[in-house]
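Geometric and topological summary
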Amino acid sequence: MAPTTVRHNLAVGTEFIEYLEQIGKATSIHRDELKEIYNEQFRYRWDTRHPGVLGRPLRARISLLVFSACVSEMETATPISHAFYTLASTVPIQSIPITAGMGKRRRAQAIVQQLKRDRSKVVASAEGIEVSSDHDVSDGRIKFEFLPGKACNISLFVQNKGSKTVTFSLYEPLRKIHGFTFQDPQGVSRSHPLLLHEGKRALEPNTVVNFSSNFYGYYPITVVFEFSSSSSGIEETFYLVRWIAGIGRSQLAKELAPKAPYRPYQEVTRKPLTFTLEDGVTKVLPIDVYPNRPSYTVLAHIMTLNMRLSVPLCRELLNATLTMENYGERFQLLLHLEEIQMEVDIRKYDMKNAPMVRDGRKKNLLVLNVPGVAEHRPSVLRGDHLLASLSEESKFEVFTQYKGYVHAVELEKVKLGFSQKLLNKFVDNMKFDVTFTFNRLPLRLQHRAVTSARELNLRDVLMPSISYSQDLYDKNLEKNPEQVKAVNAIVSGSSRPAPYLVFGPPGTGKTVTIVEKVVAFFCPGGEMAARFHILACAPSNSASDLLCERLLKHIDTREIYRMNARSRDPKTIPAVIRECYMYPYKEELMCFRVIITTLLTAGRLVSGGIPAGHFTHIFIDEAGHAVESECIVPNTGTQLVLAGDPKQLGPILRSPVAIKHGLNVSLLERLMTQNSLYQKTGEHGTYNSQFVTKLLRNYRSHPDILNIPNGLFYEDELQVFADEIIRNSYCSWEHLPKPGFPVIFKGVMGQDEREENSPSFFNVAEIEEVVTYLKKILQTQGKKGISQISPKEIGIITPYRKQVEKIRKAIRTFDKELKDMKDIQELKIGSVEEFQGQERKVIIVSTVRSCQDYVKMDEDFNLGFLNNPKRFNVTVTRAKALLILVGNPLILSKDPTWARNPKYDKYDRVLHFEESLLLGNLNIAGKK
Ligand SMILES: Nc1ncnc2c1ncn2[C@@H]1O[C@H](COP(=O)(O)OP(=O)(O)OP(=O)(O)O)[C@@H](O)[C@H]1O
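This write-up is about the structure you can find in this document. All values derive from a computational prediction rather than experimental measurement.

A word on the sheet that holds strand E22 (residues 639–644). In spatial order, the strands read E19-E20-E18-E21-E22-E17-E23; together these seven strands make up an open sheet with parallel pairing. Pairing within the sheet leaves two strands with one partner each, and these edge strands are strand E19 (560–562) and strand E23 (692–694). Pairs of neighbouring strands in the sheet enclose a mean axial angle of 15 degrees, with direction left out of account. In this sheet, strand E21 (residues 617–620) lies alongside strand E18 (residues 534–538) in parallel orientation, the contact comprising four bridges. Bridge pairing links cysteine 537 to isoleucine 620 in E21. Relative to strand E20 (residues 594–598), helix H16 (residues 541–552) is tilted by about 160 degrees, and along the sheet it contacts E18, E19 and E20.

Set out below in C-alpha cells:
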C-alpha cells in the first residue's frame, strides 16, 4: 500500500477534487454521497489503493490537507526568518476557487501566496484564541525534554480570551513523526466541534501530546489547529500553528551543547577612515614575489586603476573565449573578482571593543580572543596580520591603526606582535576595534603565474595542439593494462609538450600509478637518476602529505624533500614526514631528486630562483581540485602530468561572478572537456593514450560500497579489483543490519545547532551515534574473524568544521573509554576536502543537516552534502571495507543524489527512509 505522507495525501485529495469536478459533483457537500464516490469509483481507479479518508467529512479533510501541504511547503522552502505564514483569515481555505484548468502545483502555490503574509497571525492569538502549554518557549514553539524509554505527556490548553464564541473544529499534525500520539478528552473533530465560549478559561487540557522514543535526538512536529467564528453572518475559518519539539540529550550531548547562543557577526560599519599605520613585529619576513596591491573594495577601482580596464571591457573579456592572447588578463580579472568576494566575506568578522591582554609567557605579544578562529572563521594563520585601533580613538578624525602580526594561533586565541609604540601605552584589557585581513600571497603567486604564461611560452601546455614526441611512443603499450600504459606514456614523454592526463574514478590508483610508479621509475639511483628532478604537488597539504608518505616507501628519505609553508602549524604534519621549517639553500634544494609541496608553496621555488627546466617532470595529484591558475604556479614549461577526477571535488571559490565565468573549472577539466587531444574519438569512443589514460579498476572498496557512486557518476564502468581479504573484512560484522552488506545508514532525528559567533553547524545527536559506532568498531577485536583495527584505519568525515571540532572533543576529551585509547589521536576526523585522495578501512560519515531551512544556504555557500554531488562522491568512496552513514533520512531523501535509487519509486523511497527512523537502523541498499 502506498504510504500516507502529507504530500501523497495532498496529491490524492486534489486528484479527488478534480475527479469530482469531472463528474459534475464538485459542489456536493453530502457526506455519504462523497464517501460512496470515493470508495466505489475513485479509490481503485488505477489499481492503487488510495488511503482511506472515511469517517470524516471529505471536503473538510481535503481542504485541511491542502492547507497542511502549503504550510509544510513554506516550512521547507524558506528560511525561518523569512517564512511569513499568514492564514487567510479573510479568505477561508474552502472558498478558494479550484478551477479545472489549474494544476496541483499552481493551486498549492496560489494558496501559499494567500497564506504568506504574516507568521505572527498563526502564532499569536487570533480572535482571542490562545493555544498554550507549560513548555512554551516563544514564538509558537513548545519544547520539552525527554529521556529515552520514558513517556512524556505535554498538555495543550486551547482557550478563548476574546469577546465572541469560537468553534474549535480540528487539530492535526502536519506530518507523522514516530513517537508522537495525541489524546483528546473532548474528542474534537469537524463532526464534533467544540464551542469555546468567550472568556472561558480551560480548566483541563484540550489536547495531550504523548511522546516516547528509545533514542536520544530532536523530534519536531508541527500541529495545526482549526477554528471558525462568524462575523456579520459570514463563517470565517482561521488556523493557529504550534511547533512542538521533544529533545533528548545524553550526558555527552549536554557537554557538547552550544556554549552560548548563536550570535552572528555583525558587520561593523565605519565611516571613511583617516589613519596613520604603525607597523608591528613579525617573525616571518614577507617575501615580495609580485607587486602587492592595496586592498580593494570596489570592482571599478581595480579595473580602472590596476588593470586599466573599463567595466564594458571587463564584461567583454569575461565573455570572450579563452585564448593565449587574453589568458593573463582574463585570469587576473577572475582572480580580482575572487579577491573582492574574499574582502567582502572577511569584513563580517571585524570586531568592535575587543579586549586584549599581554601573553603570560612572552610579554611583548598581545593576546586577542577570536571566536571561530579554530575553524578558520576568520582564517588567521601564522605570519598573517590584522589591524587594530584603540576603540576610544575611533571617534577621532585621525587615529592610528596598529598592524599586529600573528605569531601563534591557539584554540580561539591569537598572539600578536605589535610595535613598541603600542606596547608602551598598553594596559591589560584595553579595548580595540579589529579589522581582519587575508594573506594575499596565494593570489599574488597566481597573478604572477598567469601573467608570465605567455612570456614562458606555455601555449603548448595550456592550449596544446600537437606532440613532438610521437616516435618515442610505443604503440604496443596499448595492449597493456591502463596503469602500465600510463606509466610508459609518461616515461616515454609521449604527450610532450602537452600535459599528460591520468583520470579515473576514486581508488583506481591515480596517485599510485602516476606518482609512486613513475617517480620510483625515475629514482632508482645511479646515472639515470641524476638526470631527473621531479616536483610532485597537490592543491592541499593533506594530499601532498599523502604523496610524501607513499613515496617514502619507495625512495630514500635523503632524496625527498617535503616543503611546507611557513604558516603551517607543525602539529598538523604527520609524524613520519615532519620537516624543519628552514628552507634549504637553493643549491641544496636542487640536489633533491623529488620535492613535494602544495601548488602554492611551489611558488617559493620560482621566487627562490630555481631555474626553468630544472624539474624534468611536474606531477599534480588531485588536479581536479585546483584552480587553473594554481596549477601553473610551479610551471616552468616542463612535462606536466595531471592526475585527478573531474567528478570529485573541484576548486573551492567564493565569488559567484568568478565561478560563473569559469574560475571553478580546473585545468584538468578544461583540457578534458574543451581540447580535442583529450577527448574520446573513433567509433568506440576511446581516449588517445598518447595524451590521456582513464583508469577503471578500483583497488579500494567493497563492491557494495562502490555500487551507488559507480552508477551515479561513472556509468557503471568501474571494476572491482580491491583486495578480497580487506574488502570483505567487515562482511560478517555482528552490527550489520544485513549480513554481507557492509554499508549502514543510521537514521537520526537530530538538530543542527550553532553557537557563539560561529556560522558553522553541529549536530550532537549524530555525534552520539558516531561515538557509539566507533566504540562498537574498536571493541570488535578478533570476533568472528574480524581482526583488530587500529584508530588510524578509521576515518570520520563531516562537512562542517564545528562538527569536526565537536566530534574531536567528544572522542578525545569527553568519552572516558575513547580518550585514553592507544593511538586515538591518529584517528582522522575531518572535512570532505581533507579526505580527498585519502582512504580508510572504515569510514563513518555524519551529514549534520537536519533542518530543511538551511539547505538553500548550503547550496549558496557551497557547504554541506546536500545539492553537492561531488562532495557526496568523495565522501562515499573513501571506505575500503565498511561505510557507516549517520544522518536525517527525511532531509537527505529530498536530495536527488542521496535519494537516488532506481529501484524505488518516489513514495517507496520516502517510506524507505522513514522506516529507517522507525527501525533505528537501515541498510540503504539492503532492501530489494
Ligand atoms: N595496481 C594496483 N594493485 C593493487 N593495488 C593498487 C594498485 N593501484 C592502486 N592500488 C591501491 O588502491 C588504492 C587507491 O589508490 P590511489 O589512492 O592511488 O587511488 P586514486 O585513484 O588516487 O584515488 P582518489 O581518486 O580517491 O584519490 C590504494 O590503496 C592503492 O595502494
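Moving on: the pairing of strand E15 (residues 413–417). Of all five residues in E15, four are buried, a share of seventy percent or more. Of the pairings in the sheet, the one linking strand E12 (residues 365–369) to E15 comprises five bridges and is antiparallel in character. Looking at E15, one finds that valine 367 is bridged to lysine 415. Pairing analysis gives five bridges linking strand E14 (residues 398–410) to E15, with the strands arranged antiparallel. Across the sheet, glutamate 410 pairs through a bridge with lysine 413, a residue of E15. Between E14 and E15, which pair antiparallel one after the other, the connecting turn spans two residues, and leucine 411 there sits at a positive phi close to 50 degrees.

The next thing to look at is the site of the ligand. Near the ligand, the surroundings consist of 18 residues, among which Gln483, Lys510, Thr511, Glu839 and Arg878 are the closest. Glycine 507 places a main-chain nitrogen or oxygen 3.0 Å from an oxygen atom of the ligand. In this structure, arginine 700 approaches the ligand through a side-chain N or O atom, which is 2.9 Å from an oxygen atom. For the ligand, whose free accessible area comes to 640 Å², the fraction covered by protein is 81%. For the shell around the ligand, the element with the most residues is helix H14 (residues 510–522), which contributes four residues. Grouping the constituent residues of the shell around the ligand by class yields four nonpolar, seven polar and seven charged. When we break the shell around the ligand down by domain, the ones giving at least three residues each are domain 4 (456–695) and domain 5 (703–919).

Strand order in the open sheet formed by five strands is E2-E9-E8-E4-E6, and the pairing between neighbours is mixed. Among the strands making up the open sheet, the edge pair consists of strand E2 (141–145) and strand E6 (194–196). Going from strand to strand, the sheet's axes swing by 30 degrees on average, the running direction of each strand aside. In terms of strand pairing, strand E4 (residues 166–173) meets strand E8 (residues 217–231) through six bridges, oriented antiparallel. Within the sheet, the bridge partner assigned to tyrosine 171 lies in E8 and is phenylalanine 225.

A large share of helix H29 (residues 869–876) lies buried, amounting to six of its eight residues. If you check which residues of H29 are buried, you get Arg871, Phe872, Asn873, Val874, Thr875 and Val876. Check the buried side of H29 and you find it contacts helix H22 (703–713), strand E27 (794–797), helix H27 (832–835), strand E29 (840–846), strand E30 (879–887) and helix H31 (896–899).

Turning our eyes to something else, we now look at the state of the cysteines. Taken as a whole, this structure holds zero disulfides when the rule is applied. Unpaired in terms of disulfides, cysteine 631 finds its nearest cysteine sulfur in cysteine 537, a separation of 9.1 Å. Residue classification places cysteine 631 among the buried positions, given a relative accessible area of 1%.

What counts and what doesn't
Residues numbered from 1 in each chain as written. Predicted model: local features only at pLDDT ≥ 70, side-chain atom pairs only at ≥ 80, totals over all residues. Heavy atoms only, no water. Pairing = 2+ DSSP bridges. Helix = DSSP H or I, 4+ residues; strand = E, 2+ residues; numbered from the N terminus. Axes fitted to C-alpha atoms, helices over the stretch in contact; angles between N-to-C directions. Contact = heavy atoms within 4.5 Å. Buried < 20%, exposed > 50% of the residue type's maximum accessible area, 1.4 Å probe, protein only. Near = heavy atom within 4 Å. Polar contact = N/O pair within 3.5 Å; in protein donor to acceptor, adjacent residues only side chain to side chain. Areas by Shrake-Rupley, 256 points an atom, 1.4 Å probe, with all protein chains shown as cover. Nonpolar A, V, L, I, M, F, W, Y, C, P; charged D, E, K, R; others polar. Domains from an automatic or database assignment. Disulfide = S-S within 2.5 Å.

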